[in-house]
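Commentary on secondary and tertiary structure
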Amino acid sequence: MVFTHDTDVVLRHAAALVNTAPGHGSSEVEDLPDLAAVLAWMDRWSWSGARPTTEAEVAALHRVRARIGRLWVATLEQQVEEVNALLAAGRALPRLVEHDGQGWHVHATDDAAPFADRVAVELAMAMVDVIRAGERERLAVCSAEDCDDVYVDLSRNRSRKFCEGTCGTRANVAAYRARKAGEAS
């Protein structure tokens with residue numbers, strides 16, 4: 001295990017969240033267009049605490065998602081600056097909690113804080129672990145030419161090159177066909 005369980009989950013959630021934006025992968029569709037979609041997203045990822053109730057909170061989540069997307073590919077100095085800004089804006093006050101069978105983990109905002117703020121602060125806390133561990137290269141962008149989805153490379157040897165979608169399969173099939181075409185000629 002590269003990171004603690006809670007850091008691992010938050011990083012995977014952040015990558016999946018960034019990939020819901022229009023233009024990621026092969027889709028131009030907004031995957032979290034409204035409150036119902038955000039609430040379903042929270043359920044899918046087992047987010048505890050207060051739930052958004054307005055479209056303004058959905059818009060705030062979209063803004064946080066864009067910040068996370070920029071943070072994913074930023075330089076170390078930019079990441080540190082943004083992490084500190086997210087922690088300050090969210091008035092982070094880390095505490096240990098245990099709920100829903102997840103074991104002991106850290107929450108850094110009040111459970112009643114707006115969802116977008118909790119997402120931002122939880123990601124900032126996870127980034128503290130990433131930066132301190134010298135594991136920034138594990139935050140990656142899909143290598144497929146037609147995909148810009150982000151992912152967390154949790155492979156033992158940091159060898160993953162493609163997102164969770166079909167990009168790896170398509171690349172392998174293309175390479176296989178190219179080899180077969182080369183053998184035939």
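The following paragraphs examine the structure supplied in this document. Quantities reported herein were computed from a predicted structural model and do not represent experimental measurements. (Residues numbered from 1 in each chain as written. Predicted model: local features only at pLDDT ≥ 70, side-chain atom pairs only at ≥ 80, totals over all residues. Heavy atoms only, no water.)

A few points about the packing of aromatic side chains
Summed over all chains, the structure comprises 2 aromatic pairs. Geometrically, the ring pair formed by Trp 41 and Trp 45 is tilted, given 5.8 Å between the ring centres and 45° between the ring planes. Here Trp 47 and Phe 115 contribute two aromatic rings whose centre-to-centre distance is 5.1 Å and whose plane-to-plane angle is 85°, an arrangement assigned as edge-to-face. Of this pair, Trp 47 sits in the loop between helix H2 (35–44) and helix H3 (55–72) while Phe 115 sits in helix H5 (residues 115–132), and the two are 68 residues apart along the sequence. Across this residue pair, the class does not change: Trp 47 and Phe 115 are buried. (Phe/Tyr/Trp six-rings, centres within 6.5 Å; stacked < 30°, edge-to-face > 60°. Helix = DSSP H or I, 4+ residues; strand = E, 2+ residues; numbered from the N terminus. Buried < 20%, exposed > 50% of the residue type's maximum accessible area, 1.4 Å probe, protein only.)

Re helix H1 (residues 5–18)
For H1, built from 14 residues, the straight-helix expectation of 20 Å at 1.5 Å per residue is met to within 8% by its first-to-last C-alpha distance of 20 Å. Of all the residues in H1, the buried ones are Thr 7, Asp 8, Val 10, Leu 11, His 13, Ala 14, Ala 15, Leu 17 and Val 18. Buried-residue contacts for H1 involve H2, H3, H5, strand E3 (139–141) and strand E4 (150–152). (Expected span 1.5 Å × (residues − 1). Contact = heavy atoms within 4.5 Å.)

A look at the pattern of salt bridges
Taken as a whole and judged by the stated rule, the model has 8 salt bridges. The partner of Glu 30 in a salt bridge is Arg 65, and the shortest N-O contact between them spans 2.7 Å. With Glu 30 in the loop between H1 and H2 and Arg 65 in helix H3, the pair connects residues that are 35 residues apart, well separated along the chain. When the shortest N-O distance is used, the salt bridge between Asp 43 and Arg 51 registers 3.1 Å. The structure contains a network of salt bridges with shared partners spanning Glu 135, Glu 137, Arg 138 and Arg 158. (Salt bridge = Lys/Arg side-chain N within 4 Å of Asp/Glu carboxyl O.)

Here's the deal with the side chain of Gln 79
Structurally, Gln 79 can be placed in helix H4 (residues 76–89). Of the residues examined, Gln 79 reaches a relative accessible area of 1% and is grouped as buried. Among the polar contacts made by the side chain of Gln 79, one reaches the side chain of Arg 136 at a distance of 2.4 Å. The residues touching Gln 79, leaving out its near neighbours within four places in the chain, are Leu 71, Trp 72, Ala 74, Met 127, Ile 131, Arg 136 and Leu 139. (Polar contact = N/O pair within 3.5 Å; in protein donor to acceptor, adjacent residues only side chain to side chain.)

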